[in-house]
Amino acid sequence: MPELDRHASSVWGHAAMHFADHADVARLCGMDTSTAKPALADVGAPGRASAGTGTRSGWRGVTQVLVSAASNQTGAGLGAQAFDIVGPVGVVAVRQAVAAAVLLPVARPPLCRMTWTQWWPTLLLALVFGTMNLTLYLAIDRIGLGLAITLEFLGPLTLTLAASRTRPDVVTAILAAAGVYVLVLPGPADDVLGLALGLTAGVCWAAYIVLNRVVGVRLTGLQAPTLASGLCALGYLPVLVTITVAASWDASAVTRAVAAGLLSSVVPYAVDLVTLRTVTPRQFGLLSSAQPAMAALVGLLLLSQPLAVHEWLGIAIVIAANALAVATNATTAPTERAAGQ
């Protein structure tokens, strides 16, 4: 699967979910992601910037990735706070509307000139967006933010391992499987449906990566993920209408749901564009491996969702497996984000 090899570092993507292909975003903005400026690993390299300048640039890139992660998971946490009022489906509907409102004026997809070969993968992307976000938020509601995000991570990680069956990848797969077992510790008290929803979100994330490569050669820039995001928002319109008619909204729910869309879509989207100017895609993927831990921390502080020792250990093992997959893969590409999340 040589086409998938280009996505070996696509283990995070907020994302979150809710983000476009960074390579497409970069091309739209005139960036060349293949020539990112030196970061921490490049400090002191011959012919490059001075050590002081390189160090500052590297630490700035690290800070930006962490800010993006914190924003993404804080948005998810705020969205979860609105579950009691409008439910996970209502929060997803608002997030989709926010993503579409931000992306459509930028990308302006050519609706009247599109052919069926361009439409069908875009329609599938819309379906993937809607399913991914809904299953993720339902999983968050049942098993908590930290576990849900960690399980979702397994989708891109599995895709990475399937695309490159080297010996380190076998080790990584075993490590990831061990991490999931430690994280869940299967037993009669498990919320099987919640775990299944988290894994389904991961499958959808992997499907997004594959579909985005198909449609990426048929539509330019952000046109496909933007149109898919708009179609997904249109599909959730009846939900918004139903909630509005039922007078379920209040100022708190609206504020939290909109904040979820902004913090989990717009802010990371903008920050990551800047970050890719100062760190390489490989470094970006490694730093983004900390997302499940960030989600667990936000779940603890914002949602009062404490984790057991074995759950923290399982998250740490999955993070290690993710970092190993990115670090040992020879072909790297910018991390993918789901525009519809």
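Here the structure is shown first, and the text comes after it.
This text gives an overview of the structure that appears in the document. (Residues numbered from 1 in each chain as written. Predicted model: local features only at pLDDT ≥ 70, side-chain atom pairs only at ≥ 80, totals over all residues. Heavy atoms only, no water.)

**So, the packing of aromatic side chains**
Inspection of the entire model under this criterion finds three aromatic pairs. With centroids separated by 5.8 Å and ring planes inclined at 35°, the aromatic side chains of Phe129 and Tyr208 adopt a geometry described as tilted. Linking Phe129 in helix α5 (residues 116–143) with Tyr208 in helix α8 (residues 192–216), this pair joins segments that are 79 residues apart in sequence. Both residues of the pair, Phe129 and Tyr208, count as buried. Geometrically, the ring pair formed by Phe153 and Trp205 is edge-to-face, given 5.8 Å between the ring centres and 90° between the ring planes. Here Phe153 is found in helix α6 (residues 145–163), whereas its partner Trp205 is found in helix α8, with 52 residues between them in sequence. Relative accessible area serves as the criterion here: at 1%, Phe153 is assigned to the buried category. (Phe/Tyr/Trp six-rings, centres within 6.5 Å; stacked < 30°, edge-to-face > 60°. Helix = DSSP H or I, 4+ residues; strand = E, 2+ residues; numbered from the N terminus. Buried < 20%, exposed > 50% of the residue type's maximum accessible area, 1.4 Å probe, protein only.)

**Overview of the nonpolar core**
Formed by 65 residues in total, the largest nonpolar core has its most connected members in Leu125 and Leu145. Residues in contact with Leu145, not counting those within four places in the same chain, are Gln73, Ala76, Gly77, Ile140, Ala295, Val298, Gly299, Leu303 and Gln305. (Core = buried A, V, L, I, M, F, W, Y, C linked by side-chain atoms within 4.5 Å. Contact = heavy atoms within 4.5 Å.)

**Description of the packing of α5 against helix α9 (residues 223–235)**
Packing of α5 against α9 brings their axes to within 8 Å, and their N-to-C directions diverge by 55°. The pairing of α5 with α9 is recorded here as oblique in orientation. Between α5 and α9 lies a crossing whose hand is right-handed. Across the interface between the two elements, Trp119, Thr122, Leu123, Leu125, Ala126, Phe129 and Gly130 from α5 touch Ala224, Pro225, Leu227, Ala228, Ser229, Leu231 and Cys232 from α9. Of the residues belonging to the contact of α5 with α9, the class tally is eleven nonpolar, three polar and no charged. (Axes fitted to C-alpha atoms, helices over the stretch in contact; angles between N-to-C directions. Parallel < 35°, antiparallel > 145°, perpendicular 65-115°, else oblique. Left-handed = near helix turned anticlockwise from the far one by under 90°. Nonpolar A, V, L, I, M, F, W, Y, C, P; charged D, E, K, R; others polar.)

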